[in-house]
Every structure is written in C-alpha cells, then in structure tokens.
Amino acid sequence: MAGTVVIKWGGGLITHKDQLCTVNLEIIRSLAEVCSKTSKKLVIVHGAGSFGHLKAKKYRLAEGRISGIDQDSAVIDVRNDMLELNSVVVKELRSFGLDVQSYSPHQWANGTGADFTGELPLHHGVTVVYGDVVDDDTKEFGILSGDDLMLRYSIEIPNVERAVFAIGGVDGILRVPPSKAGPDDLIEVWTPNMEFEGEHAADIDVTGGIGLKATRGAMIAATGIEVVLINGEIPERVLDAIEGKSVIGTRIESGNC
Ligand code: IPE
C-alpha cells in the first residue's frame, strides 16, 4: 500500500498575500494537478495568506478575547473567508478527479499551538484541513496554524512517509532574507541549532512565518519522518518531494541523531 504524505500549501503560495482575499488560482491549479499524479495517500494542509492574516491581525484574533474590541464579526468573517479559500482548493483538486474531503478545524479542533485537542479527521481519499480560527477553552478563540496541523497529522496518523512544506517565493530556508539572497544561500540541510535570518513579515503574519515551519518540521523529523521544505511554485519539485526523490530545497533534520 502506498504510504501517506502530509503536505502544506503555504498561504503565501496559494494567495496574493498583500491583497485581501485574493487566490493565486494558477498555483492552486498546478498543485492540484501534481496531487493527481501521485499514488501516495495525501493529507493537504493549507494556509491562509490574505484570507486570514490581514483581518486576524487587525482584530487581534490570535490573542483571543480582548475586551474593548468588537471581535465577534471578525471571527465569523475570517472563518467564512477561510471557507471560501478552502472551497477553491477543494474544487481544483476535484477537477483533477481526486476523491477529496475537507474538514474545517473550527468544527473539530479546540485550542491553538502544538497541543490543540480534537480527533484528527481522516478521509480514505485526499484529506484537506487548514489554518483556522478555532474555539479555545481559556482565551475563547484563537488561530490554529496549519503548521501545527502538519505536526500532529504527520506524527499521529498511520504510515506517514514524509512531510512536505511547499512555500512561495523561495527555494527553501535561506541563510539571509530572500531579498538579499543569492544561489549559495539556500540551506540544504537545516537543524534547529542553525541560525537563519528569515523574513517573518510580522506586520501581516499572525502565526509564525518560516520560523514556525522550521520548528514544527524539526519536531516531525525527530520522530524519524522525512521533512522537506520546497518552492511550491515549481510543480516538478512538488511532485519529486511527494515521491521522495531528491529535490532542490531544505531537508529539515531534528539534530538529535
Ligand atoms: C493561519 O494559518 C490561519 C489564519 C490566519 C486564519 P497558517 O499559519 O497555516 O497560514 P499561512 O500558511 O501562514 O498563511
């Protein structure tokens, strides 16, 4: 039986990150096509990009309930915006003949960070989940990042062969911010003891930027699962990464071995 690959489609990859609620349809379509070319069982976790971070930042949703700010409609809006982005992802995957089922985290997950609770839903075909505004027992609500979903799916569901983080605009983890990087600045193998100067886009990103992907990646790698971070704009790389072939990108290791 083919093994399972858990793959993140970063929000910055599948949306135009600085234009509110704008999908990058071309990229979503190319990723969907790649997914139709593999016999691996897939769990796809997608990010939010401009469908989540901008409004979540404005209404400080990651911090939970804050008195004095009317956050209720923002919680509903961001959930609806994410449903809209998710429906595009699902539609494109189905257009390539894939049997897809999507599960909105606000309906089954509680809490944020790596220790969120809720049973991980799994479909016999392609499973899709995404970063979302979820209920939280202490702060009322919060933002559950797709990177935390990556961690938990990768280490908890059976037969996971590898985890792939597909991101936009860069070939992997770079030693210096992308705007200053040259071809030699790609880190081919990254371990948590290595420094890098990622671009965190703190002004728009309410979760953790590339740093969170790297840390969650290392936690996955610590369980013996292969982890690779690649440029999701290049379909051949995405397919090779899913298939476990050697690919330009950053392999993430735990550093414990
Ligand atoms: C963020 O999810 C979810 C919301 C802001 C609603 P992610 O952390 O997985 O999103 P990206 O990949 O950074 O856009």
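Look up a bit, the structure's there.
None of these values were measured; they are calculated from a predicted model. (Residues numbered from 1 in each chain as written. Predicted model: local features only at pLDDT ≥ 70, side-chain atom pairs only at ≥ 80, totals over all residues. Heavy atoms only, no water.)

Colleague: So, the nonpolar core: which residues are in play, and what are the values?
Modeller: Counting residues in each nonpolar core, the largest one holds 40 residues, and the members touching the most others are Trp 9, Ile 14, Ile 44, Leu 61 and Leu 93. Among the elements that make up this core, the one with the highest residue count is helix 4 (residues 72–95) (eight residues). When near neighbours in sequence (up to four residues on either side) are disregarded, Trp 9 contacts Ile 14, Ile 28, Leu 31, Ala 32, Cys 35, Ile 44, Val 45, His 46, Gly 47, Val 89, Leu 93 and Ala 166. Counting residues in each nonpolar core, the second largest holds 35 residues, with Val 45, Val 129, Leu 149 and Val 160 among its members. (Core = buried A, V, L, I, M, F, W, Y, C linked by side-chain atoms within 4.5 Å. Buried < 20%, exposed > 50% of the residue type's maximum accessible area, 1.4 Å probe, protein only. Helix = DSSP H or I, 4+ residues; strand = E, 2+ residues; numbered from the N terminus. Contact = heavy atoms within 4.5 Å.)

Colleague: Explain the pairing of strand 9 (residues 226–231) to me, and be specific about the residues and the numbers.
Modeller: Of all six residues in strand 9, five are buried; the element is thus mostly enclosed. When strand 7 (residues 160–167) meets strand 9, the two strands line up parallel, connected through six bridges. Across the sheet, Val 164 pairs through a bridge with Val 228, a residue of strand 9. Looking at chain direction, strand 9 and strand 10 (residues 250–252) are connected through two bridges and run antiparallel. Looking at strand 10, one finds that Val 228 is bridged to Arg 251. (Pairing = 2+ DSSP bridges.)

Colleague: Break down the site of the ligand for me, citing the residues and quoting the values.
Modeller: The local shell around the ligand holds 16 residues, among which Gly 11, Gly 49, Ser 145, Gly 146 and Thr 207 are the closest. One of the backbone N or O atoms of Ala 48 is found 3.0 Å from an oxygen atom in the ligand. Between an oxygen atom of the ligand and a side-chain N or O atom of His 53, the distance comes to 3.0 Å. A total of 400 Å² of accessible area belongs to the ligand in isolation, and the protein chains cover 99% of it. Looking at the shell around the ligand residue by residue, the class counts come to four nonpolar, 10 polar and two charged. (Near = heavy atom within 4 Å. Polar contact = N/O pair within 3.5 Å; in protein donor to acceptor, adjacent residues only side chain to side chain. Areas by Shrake-Rupley, 256 points an atom, 1.4 Å probe, with all protein chains shown as cover. Nonpolar A, V, L, I, M, F, W, Y, C, P; charged D, E, K, R; others polar.)

Colleague: Please set out the packing of aromatic side chains residue by residue, giving values where relevant.
Modeller: Considering all chains together, one arrives at one aromatic pair under this definition. Ring centres 6.2 Å apart and planes at 65° place the aromatic pair Trp 108 and Phe 116 in the edge-to-face group. The class of Phe 116 is buried, set by a relative accessible area of 2%. (Phe/Tyr/Trp six-rings, centres within 6.5 Å; stacked < 30°, edge-to-face > 60°.)

Colleague: I'd like a rundown of helix 6 (residues 146–156), residues and numbers included.
Modeller: Here helix 6 lies mainly inside the structure; nine of its 11 residues are buried. Where helix 6 is concerned, the buried positions are Gly 146, Asp 147, Asp 148, Leu 149, Met 150, Leu 151, Arg 152, Tyr 153 and Ser 154. Near the N-terminus of helix 6, the side chain that reaches the backbone nitrogen of Asp 147, with its oxygen 3.0 Å away, is that of Ser 145.

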